[in-house]
Amino acid sequence: MEELRTLLLHEIVRVYGPLQGQGIGAIVIPAFIGDFKKVLDGSESFDEISEEYMTEDKKVHLILEGRRKLGRKGVKLEITGAVVNDKRLHLTEEHCYV
């Protein structure tokens, strides 16, 4: 999960610059991922779903995609994709589980 946060922070810093990007990223990244976790957790199906997020000034538009996945120990919440300002991030398995 830390890798996903790092990728998102990198994209936010590209938009806002290092100082402002770090501050904004520290607030919005946990909020966006936390909300998406609630969306996935509340989903009734195992189909892939997506949710859109945007910063207040509309400079960062994030789409998170994910699904509930049945594992040996029960249901896992998996992030399968992330798009920041129309740029799809390359996610590996390390990024995926919430």
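Bear in mind that the values here come from a model prediction, so they are computed numbers and not experimental data.

Rules behind the numbers
Residues numbered from 1 in each chain as written. Predicted model: local features only at pLDDT ≥ 70, side-chain atom pairs only at ≥ 80, totals over all residues. Heavy atoms only, no water. Helix = DSSP H or I, 4+ residues; strand = E, 2+ residues; numbered from the N terminus. Rg over C-alpha atoms; globule rule 2.2 N^0.38 Å. Buried < 20%, exposed > 50% of the residue type's maximum accessible area, 1.4 Å probe, protein only. Contact = heavy atoms within 4.5 Å. Areas by Shrake-Rupley, 256 points an atom, 1.4 Å probe, with all protein chains shown as cover. Lys, Arg positive; Asp, Glu negative; His and termini not counted. Charge placed at Lys NZ, Arg CZ, Asp CG, Glu CD. Phe/Tyr/Trp six-rings, centres within 6.5 Å; stacked < 30°, edge-to-face > 60°. Pairing = 2+ DSSP bridges. Expected span 1.5 Å × (residues − 1). Arc of directions from axis to C-beta.

Side note on the overall build of the protein
Okay, so step 1: When its secondary structure is counted, the protein shows three helices and four strands.
Okay, so step 2: For the protein, the C-alpha radius of gyration of 13 Å lies close to 13 Å, the compact-globule estimate for 98 residues.
Okay, so step 3: Each principal axis of the C-alpha atoms in the protein carries an extent, and together these give about 40 × 25 × 20 Å.
Okay, so step 4: Buried residues in the protein amount to 38% of all 98 residues.
Okay, so step 5: Sequence-distant contacts, at least 24 apart, represent 38% of the contacts inside the protein between residues at least 6 apart.
Okay, so step 6: Only carbon and sulfur atoms are counted for the fraction: they give 51% of the accessible area of the protein, which is about 6200 Å².
Okay, so step 7: Across the protein, the mean location of the 14 positive side-chain charges is 4 Å away from that of the 17 negative side-chain charges.

Details of the packing of aromatic side chains
Okay, so step 1: Tallied over the entire structure, the rule returns one aromatic pair.
Okay, so step 2: A centroid spacing of 5.0 Å and a plane angle of 25° characterise the contact between Phe-32 and Tyr-53, whose relative ring orientation is stacked. Taken together, the residues Phe-32 in helix 2 (residues 18-42) and Tyr-53 in strand 1 (residues 49-54) connect sequence positions 21 residues apart. Like Tyr-53, Phe-32 is buried.

Section: the sheet that holds strand 3 (residues 74-84)
Okay, so step 1: Taken together, four strands build an open sheet; the order of strands is 1-2-3-4 and the sheet is antiparallel. Here the strands that pair on one side only, and so sit at the sheet edges, are strand 1 and strand 4 (87-88).
Okay, so step 2: Summarising the sheet, strand 2 (residues 61-71) and strand 3 pair through ten bridges and their orientation is antiparallel. Looking at the pairing, Lys-69 lines up with Lys-76 of strand 3.

Concerning helix 1 (residues 2-16)
Okay, so step 1: Counted at 1.5 Å a residue, the expected span for helix 1 with its 15 residues is 21 Å, and the 21 Å between its end C-alpha atoms agrees.
Okay, so step 2: The set of residues buried in helix 1 consists of Leu-4, Leu-8, Glu-11, Ile-12 and Tyr-16. One side of helix 1 carries all its buried residues, which in axial view fall inside an arc of 125°. Turned more than 90 degrees away from the buried face of helix 1, the exposed residues are Glu-2, Thr-6 and Arg-14.
Okay, so step 3: The positive-phi residue at the C-terminal boundary of helix 1 is Gly-17, with phi of around 95°.

Things to note about the pairing of strand 3
Okay, so step 1: The turn joining strand 2 and strand 3, which pair antiparallel and follow one another in sequence, is formed by two residues.
Okay, so step 2: Bridging between strand 3 and strand 4 involves two bridges; their strand directions are antiparallel. The partner of Val-84 across the bridge, within strand 4, is Lys-87.

Purely geometric numbers; function is a separate question.
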